[in-house]
Amino acid sequence: LGGCIGWSLVLPFDVVKTRVQSGAESRALPLVRRIVATEGVQGLFRGWTAAVVRAFPANACLFLGVEVTTRLLRPATSRRDATAVPPPPPAVPAVPAAGAGAVAALSPREEGRA
């Protein structure tokens, strides 16, 4: 759900960025005005459905990656006290590793490009 809300907030900026990068306009503010004038405010949210549908598996992969990486980095319990639960490691190394895994798993492949 957080990914869906995040994309809803970011998508207008992403639409403008993508169109500027494609050469449709060289400046952002005139492009925003043109999009709103020709397509309405909904033009700033073009591609929302695809972004939100993609957010569910992407965030699921991210959370799975954080959990797996955290468990791999957690030190083994000592043999004397098998019931003791070791403290979790800081999430700092787990989150980037999980994010990289999610990006690698979900990014479209550009085959044949160098």
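This structure is a prediction, so every number in the text was calculated from the model and none was measured.

### Comments concerning the pattern of salt bridges
Throughout the structure, instances matching the rule amount to three salt bridges. Residue Arg 19 is joined to Glu 39 by a salt bridge in which the shortest nitrogen-to-oxygen separation is 2.9 Å. Placement of Arg 19 in helix H1 (residues 2-21) and of Glu 39 in helix H2 (residues 28-39) is noted, with a sequence separation of 20 residues between them. Across the salt bridge formed by Glu 39 and Arg 46, the nearest N and O atoms sit 3.2 Å from each other. The network of salt bridges with common partners includes Arg 19, Glu 39 and Arg 46.

### Some remarks on the packing of H1 against H2
Between H1 and H2, the shortest axis-to-axis distance is 10 Å and the interhelical angle comes to 110°. One finds that H1 runs roughly perpendicular with respect to H2. In contact with Val 15, Val 16, Arg 19 and Val 20 of H1, H2 contributes Ala 28, Leu 31, Val 32, Ile 35 and Glu 39. When its residues are assigned to classes, the contact of H1 with H2 shows seven nonpolar, no polar and two charged.

### Notes on the nonpolar core
Core analysis: the biggest nonpolar cluster contains six residues, these being Leu 11, Val 15, Val 16, Leu 31, Ile 35 and Leu 44. Elements supplying a minimum of two residues to this core: H1 and H2. For this core, the leading source of residues is H1, giving three residues. Apart from residues lying up to four places away in sequence, Leu 11 is in contact with Leu 44, Phe 45, Arg 46, Gly 47 and Trp 48.

### Quick notes on the confidence of the model for the protein
The predicted model of the protein has a mean per-residue pLDDT of 74, with 63% of residues at 70 or higher. Between the elements of the protein, mean pLDDT differs from a low of 63, seen in helix H4 (residues 94-106), to a high of 91, seen in H2. Every residue in residues 110-114 scores below 50 in pLDDT, and together they form zero contacts with partners more than four places removed in sequence or on other chains.

Rules behind the numbers
Just so you know, the residues in each chain are numbered from 1, in the order the chain's sequence is written. Restriction of local features to residues with pLDDT of at least 70 applies here, the model being predicted, together with a cutoff of 80 or more for giving and counting side-chain atom pairs; totals for whole chains, interfaces and linings are based on all residues. Excluding hydrogens and water, the side-chain values take into account all heavy atoms of the structure. The term salt bridge refers to a pairing of a side-chain nitrogen on Lys or Arg with a carboxyl oxygen on Asp or Glu at a separation within 4 Å. Numbering of helices and strands runs from the N terminus, with a helix taken as a DSSP run of H or I at least four residues long and a strand as a DSSP run of E at least two residues long. Orientation is described by lines fitted to C-alpha atoms, with helices fitted over the stretch in contact, and by angles between N-to-C directions that extend from 0 to 180 degrees. Geometric relationships in this document are graded by angle, where less than 35 degrees denotes roughly parallel, more than 145 denotes roughly antiparallel, 65 to 115 denotes roughly perpendicular, and other angles denote oblique. Residues count as neighbours in contact if any of their non-hydrogen atoms are within 4.5 Å of one another. By the convention adopted, Pro, Cys, Tyr, Trp, Phe, Met, Ile, Leu, Val and Ala count as nonpolar, Lys, Arg, Asp and Glu as charged, and the other residues, Gly among them, as polar. The set of buried Ala, Val, Leu, Ile, Met, Phe, Trp, Tyr and Cys residues whose side-chain atoms join them within 4.5 Å is what this entry labels a nonpolar core. The cut-offs for exposure are 20% and 50% of the maximum accessible area for each residue type, with area from a 1.4 Å probe on protein chains only; residues under the lower value are buried, those over the upper are exposed, and the others partly exposed. What pLDDT expresses is the predictor's confidence in each residue, scored from 0 to 100.

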